[in-house]
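Given next are the chains, with one letter for each unit.
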Amino acid sequence: MSARQKAMVNKHPFDAGRAAYLALNTLLLTFLLAPIAIVLVFALNPTPYISFPPVGVSLRWFEKFFAGTEFMNALWLSLWIAGVVLVLSVLIGGACALALARGNLPGRSSLTAFFMSPLMLPAILTGLALFQAYLLSGIGRPVWGLILAHTLVAVPYVIRTTLAVLHNFDRRIEEAAAVLGASPARVFFEVTLPLIRPGVFAGGVFAFIVSFDQFPVSLFLVVPKGETLPVVLFNYMKFDLDGAIAAASMVSILLALSVVLVLERLIGLKAYVKL
Amino acid sequence: MISRHMISRRTALRTGAGLAAVAAVGAPSILHAQTKTLKITTWGGKWGEVMKATVLPAFEKEFKCTVSADQAFPFVPKLQASSKTDPIYDVLHTNSNEQWNSLTEGLVMAKITAKEVPNVADVYPYAVSDKIVGVTIFTSAIGLGYRTDKGLAKPTSWKDLADPKLAGARGGYIIPVNSLGQCHLMMLGKVYGKGLTDLDAAYKALEALKPIKLVDFTGQMEKMLLSGEVSMGVIHDSGVYRYDGPNMQPVDFASPSEGVLALEQVLNVTPGSKVKELAFAYIDYMLRPDVQKLLAEAVWYSPANTKVKLDAKYDAKLLTTPAKVATLIQPDWKWYNARKEDIDARVTKILKG
Amino acid sequence: MMTRARPSPIAWLVAPAALLFVLFFVLPFGVMAVMSFYSGNPVTNPNAFATTRHYERFIFDTAGIYHDALWATLRIGLITTIVSLLIGYPLAHWMARMQSRLGHALVLMAVIAPMLTGIVVRTFAWMTILQDKGVINTLLIQWGFADKPLPLMYNEFGTVVALVHIYVPFMVLTLTGVIGRIDERLEQAARSLGAGRLRAFAEVTLPLSLPGILAGSLLVFALSISAYVTPSLMGGTNVLTLPMLIAQQVGTSFNPNFAGALGVVLLLVSLAIVIAYNRILARLSGEQGMA
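Every value quoted in this text rests on a predicted model; they were computed, and no experiment measured them.

Asker: Quick one: what's the story with the overall build of chain C, residue by residue and with numbers?
Answerer: Helix and strand content of chain C: 13 helices and zero strands. Seen through its C-alpha atoms, chain C measures out along the principal axes to roughly 75 × 70 × 35 Å. Per-residue burial over chain C gives 51% buried out of 291 residues. In chain C, the share of contacts with a sequence separation of at least 24, taken over all contacts with a separation of at least 6, comes to 66%.

Set out below in structure tokens:
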């Protein structure tokens with residue numbers, strides 16, 4: 001056992017206090033995961049309506065989901081839109097957070113509140129307002145219009161999380177690097193950026209999820225054959241409440257989780273704990 | 001108003017030019033640019049599946065056009081926000097109440113006759129009555145759905161919903177957002193008061209229905225009945241009958257003696273549409289007996305065309321004879337919509353408890 | 001302590017966000033706010049005229065439901081925020097302090113999964129759990145803890161539960177970064193000086209995580225006061241919030257002008273609360289406030 005592993009073993013002694021802490025967290029996790037377990041049960045339940053207790057196991061809803069091109073197309077569209085939104089909002093939101101935290105802008109707190117405002121408005125209004133604006137200006141409803149609309153509602157998250165990390169930031173590390181001769185650009189890319197990376201990553205995860213799960217804004221801005229998954233599911237559900245939407249949900253959870261897992265491996269939320 | 005003659009010539013010229021272009025270049029993008037696009041709205045679920053798989057492709061082939069079908073409900077706000085001279089839809093498919101709303105804003109045409117849509121000559125009177133804006137292609141009957149395994153007698157009156165035994169086990173709708181709920185409210189006025197417009201009686205009766213479980217849309221009511229969450233609820237016949245088959249549950253539909261309300265599927269054309277002739281052709285197509293039969297049997301709607309012959313099991317339950325159709329009550333949506341804001345506020349207060 | 005110097009060149013980084021917001025937020029909402037002072041859409045409807053009746057309708061509330069809707073919105077928002085914080089903090093703390101990379105990844109997946117279920121399906125899952133014939137009531141009755149089903153749905157309780165479920169992940173992800181950056185050795189130092197684990201936490205970690213608490217709470221509050229799909233599906237008519245009213249006005253009353261007016265009211269009230277919250281807490285915790 002290495003010295004590090006030894007230290008790890010001793011870090012959290014297992015006693016009543018620790019047990020209570022773990023029990024509490026397990027309970028809370030159960031709260032979070034219970035509905036998903038239910039969704040899985042629906043997805044496998046053969047009856048065409050949602051009920052408890054389940055009557056059996058069947059793959060028919062998954063078959064229906066994969067056989068239907070509409071669901072699959074919507075899923076891929078949602079995924080790649082979310083990916084683009086992720087990149088855009090991280091760049092735009094990260095830059096904005098830096099400016100807010102370091103740029104000595106006048107009216108900083110009002111500006112921050114301003115950038116948070118899309119979150120406070122019901123998204124149906126955002127969708128309608130953008131729809132009206134797009135039609136008035138003759139843009140119509142192109143995909144990039146949808147992407148930018150998603151970016152608008154995703155950027156506040158990135159700004160929030162990046163600001164939170166920047167706040168606890170020890171500037172002396174940057175100053176040390178500068179004293180040692182690094183240029184401002186180099187300080188930024190080799191010191192600042194890696195250290196705020198976890199905050200930006202958390203924001204990016206939000207952005208991805210917010211876009212992937214976005215419903216009201218998409219409702220107005222999607223076009224026939226270009227609908228995102230939440231829109232397709234909602235409209236399916238209005239007329240046919242069966243296990244197909246549960247299957248769709250399971251598949252999209254798994255896919256989106258894989259994306260997040262890959263991102264985590266690449267960028268690393270774990271880097272938070274160091275320093 | 002452009003005459004049909006001119007439109008036909010323009011269509012012929014355009015089609016001719018299109019064909020020539022195809023012959024010359026053969027590029028798919030050019031072909032696409034020359035065919036007309038018909039922008040319609042459609043429901044999702046089973047209806048949407050049948051439309052996309054069978055009905056729309058056949059229409060596109062026969063009329064040499066592309067159909068762009070928007071499934072993202074709600075449709076009227078989008079139509080409202082688009083310009084009148086370049087509307088976002090050519091054909092609007094909604095229930096009757098929304099057509100009336102759209103008419104008030106000048107978004108749809110007031111009357112469609114057999115002149116524009118020949119098959120209108122074959123429909124039941126309700127389909128183009130003065131209570132309808134546009135053309136009804138299907139209807140359902142709004143009545144009471146109930147569970148047959150809870151020891152309940154088959155309801156014979158709308159008043160059976162108020163049975164004290166059903167407290168907490170009956171279902172209704174959030175009236176501001178659901179037209180079945182709105183129909184139910186008006187029916188309460190008729191059953192307990194002087195008629196469909198007797199709101200005072202309706203409000204009193206609504207108060208007496210508490211406690212009642214309220215949902216947003218019919219799909220939820222269907223599930224509540226199927227899972228036994230409620231023993232009786234306001235629902236249209238299609239919502240009960242469509243579960244016929246291997247997953248049949250002990251749920252049945254009852255047409256109360258006071259009458260059933262009509263939940264119509266209405267098509268209309270936007271005045272600013274640039275492809276009006278095609279839009280009328282589409283409505284005519286949807287009224288063809290074979291198309292009507294296909295869709296009616298897929299989702300258990302009653303077809304508006306009198307010449308449709310459904311299979312026996314559908315024919316038995318749906319409204320396919322003049323006698324059965326006579327039980328349909330069509331509400332005055334123009335009257336209701338004018339008062340909707342006040343009614344919404346009032347029922348919200350009543351049902352909030 | 002930063003003195004109020006001139007804006008540094010870094011300030012220019014705000015430009016892309018500013019551009020995006022001006023074009024896609026300020027302008028469209030500006031148009032909507034202008035329309036809230038009209039009876040119809042002045043661009044497509046030549047009969048539309050300027051009026052303040054939409055605002056009067058809200059302020060005077062002769063219908064008796066609009067003010068209630070505003071209070072319900074704020075109340076549900078507040079309760080949701082507090083409960084999300086209580087649930088999210090322990091989870092964030094656990095995740096931030098976790099040693100194993102695998103464990104960390106697993107908890108991360110578990111925390112994020114609820115956000116990915118999709119708004120529609122997730123609500124139906126809660127229906128299955130909370131309704132009269134749902135999981136909880138069926139089990140309670142079976143085990144004899146209750147003889148009638150508890151009303152867990154179609155009321156504010158069900159709405160709050162469903163909203164908390166959606167927003168706890170946001171709280172956790174915001175908090176976990178901040179908690180993770182707090183050096184554990186600070187807590188250990190306090191413990192070595194004689195403080196118990198709980199006290200060390202309360203007097204060292206908790207205050208240092210305040211920026212995260214503020215950020216998370218603001219985020220969840222903002223989100224929960226603008227939510228309408230979940231309250232609609234979970235609350236029946238027992239719950240009527242301002243966003244639900246707005247959605248009704250847009251989707252079934254076809255009155256985007258009134259909806260816009262309600263939106264303006266909601267935005268002003270929320271901004272006022274957010275700015276006040278920021279200022280008060282900034283003063284309370286010295287320079288630690290999220291300015």
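Asker: Break down the overall build of chain B for me, citing the residues and quoting the values.
Answerer: Check the secondary structure of chain B and you find 14 helices and 11 strands. Residues counted as buried form 51% of the 353 residues belonging to chain B. A separation of at least 24 residues holds for 69% of the contacts in chain B among residues at least 6 apart in sequence.

Asker: Kindly report on the interface of chain A and chain C, identifying the contributing residues and their values.
Answerer: At the interface, 86 residues of chain A touch 89 residues of chain C. Ranked by residue count, the leading element in the side of chain A that touches chain C is helix α2 (residues 16-44) of chain A, at 12 residues. Residue classes in the side of chain A that touches chain C are distributed as 64 nonpolar, 15 polar and seven charged.

Asker: Run through the interface of chain C and chain B, naming residues and quoting values.
Answerer: Counting from both sides, the interface comprises 22 residues of chain C and, opposite them, 24 residues of chain B. No other element matches helix α12 (residues 242-251) of chain C, which puts three residues into the side of chain C that touches chain B. Considered class by class, the residues forming the side of chain C that touches chain B number eight nonpolar, 12 polar and two charged.

Asker: Requested: an account of the domain arrangement of chain B, with residues and values cited.
Answerer: Residues and elements named next belong to chain B. The domains assigned to chain B are domain 1 (4-139 + 263-320) and domain 2 (141-262 + 332-352). Broken down by secondary-structure element, the contributors of at least two residues to the side of domain 1 that touches domain 2 are α5 (96-104) and β9 (260-269). By residue class, the composition of the side of domain 1 that touches domain 2 is seven nonpolar, five polar and three charged.

Asker: Residues and numbers for the pairing of strand β7 (residues 232-236) of chain B, please.
Answerer: All names here are of chain B. Within β7, five of the five residues are buried, which leaves it mostly tucked inside the rest of the structure. Along β7, one buried face is formed by M232, V234 and H236 and the opposite face, lined by G233 and I235, is buried too. With five bridges connecting them, strand β4 (residues 135-147) and β7 associate as antiparallel partners. Looking across to β7, one finds that L144 is bridged to V234. Pairing of strand β5 (residues 170-173) with β7 involves two bridges; the strand directions are parallel. For R170, the partnering residue across the bridge sits in β7 and is M232.

Asker: An account of the packing of helix α7 (residues 143-167) of chain A against helix α9 (residues 184-212) of chain A is needed here, citing residue identities and associated values.
Answerer: For any two helices packed against each other, one specifies the inter-axial angle together with the distance between the axes. Residue and element names in this part refer to chain A. Where α7 contacts α9, the axes come no closer than 8 Å and their chain directions differ by 155 degrees. The pairing of α7 with α9 is recorded here as roughly antiparallel in orientation. By crossing handedness, the relation of α7 to α9 is classed as right-handed. Across the interface between the two elements, H150, V153, A154, Y157, V158, R160, T161, T162, A164, V165 and L166 of α7 pack against I196, P198, G199, V200, A202, G203, G204, F206, A207, V210 and S211 of α9.

Asker: A description of the environment of T230 of chain C should follow, citing residues and the corresponding values.
Answerer: Residues and elements named next belong to chain C. You can see T230 is positioned in helix α11 (residues 229-235). Taking the C-alpha atoms as reference, T230 lies 48 Å from G194; in sequence the two are 36 residues apart. Apart from residues lying up to four places away in sequence, T230 is in contact with I119, T123, T159, A162, L163 and I166.

Asker: With reference to specific residues and values, describe the packing of helix α3 (residues 66-97) of chain C against helix α4 (residues 101-116) of chain C.
Answerer: Residue and element names in this part refer to chain C. Contact pair α3 / α4: the axes reach a minimum separation of 9 Å and the direction vectors enclose 150 degrees. With respect to α4, the element α3 is oriented roughly antiparallel. Helix-helix and strand crossings are classified by hand; for α3 and α4 the assignment is left-handed. Contact residues: α3 offers L91, W94 and M95, while α4 offers H104, V107, L108 and V111. Its residues placed into classes, the contact of α3 with α4 shows six nonpolar, one polar and no charged.

Asker: Summarise unusual backbone geometry; cite the residues concerned and give the values.
Answerer: In the segment running from F73 of chain B into P74 of chain B, the intervening peptide bond is cis, with an omega of 10 degrees. Topologically, P74 of chain B is positioned in the loop between β2 (65-70) and α4 (76-81). Its identity as a non-glycine residue notwithstanding, K64 of chain B has a phi of 50 degrees, on the positive side. Within the element layout of this structure, K64 of chain B appears in the loop between α3 (45-63) and β2. Even without a glycine there, the phi angle at F254 of chain C is positive, about 50 degrees.

Asker: So, helix α7 (residues 199-208) of chain B: which residues are in play, and what are the values?
Answerer: Residue and element names in this part refer to chain B. Regarding α7, the residues found buried are L199, A202, Y203, A205 and L206. The buried residues of α7 occupy an angular sector of 165 degrees when the element is viewed end-on, so they sit on one face. When the buried face of α7 is taken as reference, the exposed residues oriented beyond 90 degrees from it are D200, E207 and A208.

Asker: Explain the confidence of the model for chain C residue by residue, including any values.
Answerer: All names here are of chain C. Scored by pLDDT, chain C has a mean of 84; 95% of the residues are at 70 or more. Within chain C, the lowest mean pLDDT, 79, falls on helix α5 (residues 119-130), and the highest, 92, falls on α3. The complex model carries a pTM of 0.84, and its ipTM stands at 0.81.

Asker: Give me the nonpolar core: which residues, what numbers.
Answerer: Counting 288 residues, the largest nonpolar core has C96 and F206 of chain A as its most contacted members. Broken down by element, the residue count for this core peaks at 18 residues, all from helix α4 (residues 69-102) of chain A. Aside from chain neighbours lying at most four places away, what touches F206 of chain A is A154, Y157, V158 and T161 of chain A together with F170 and L173 of chain C.

Asker: Outline the environment of A74 of chain A, listing residues and values.
Answerer: Residue and element names in this part refer to chain A. Relative to the helices and strands, A74 is located in helix α4. Residue A74 is classed as buried on the basis of its 24 C-beta neighbours within 10 Å. Setting aside anything within four residues of it in sequence, one finds A74 in contact with E227, T228, L229 and V232.

Asker: I'd love a proper account of the confidence of the model for chain B, names of residues and values included.
Answerer: All names here are of chain B. With 89% of its residues at a pLDDT of at least 70, chain B reaches an overall mean of 86. The model gives residues 1-13 a pLDDT under 50, and that stretch makes four contacts with residues more than four places away or in other chains. Ignoring residues within four places in sequence, the model shows residues 20-32, a span with pLDDT below 50, making five contacts including any to other chains.

Asker: Which residues make up the environment of P35 of chain A, and what values go with them?
Answerer: Here P35 of chain A shows up in helix α2. The class for P35 of chain A is buried, based on 24 C-beta atoms found within 10 Å. For the pair P35 of chain A and K238 of chain A, spaced 203 residues apart in the sequence, the C-alpha separation amounts to 20 Å. Once you skip the residues sitting within four places of it in the chain, P35 of chain A turns out to touch P114, T117, R122, A125, W126, I129 and H165 of chain C.

What counts and what doesn't
Residues numbered from 1 in each chain as written. Chains lettered and ligands numbered in written order. Predicted model: local features only at pLDDT ≥ 70, side-chain atom pairs only at ≥ 80, totals over all residues. Helix = DSSP H or I, 4+ residues; strand = E, 2+ residues; numbered from the N terminus. Buried ≥ 20, exposed ≤ 12 C-beta atoms within 10 Å, placed from the backbone. Contact = placed C-beta atoms within 7 Å. Nonpolar A, V, L, I, M, F, W, Y, C, P; charged D, E, K, R; others polar. Domains from an automatic or database assignment. Pairing = 2+ DSSP bridges. Axes fitted to C-alpha atoms, helices over the stretch in contact; angles between N-to-C directions. Parallel < 35°, antiparallel > 145°, perpendicular 65-115°, else oblique. Left-handed = near helix turned anticlockwise from the far one by under 90°. Arc of directions from axis to C-beta. pLDDT = per-residue confidence, 0-100. Core = buried A, V, L, I, M, F, W, Y, C linked by C-beta atoms within 7 Å.

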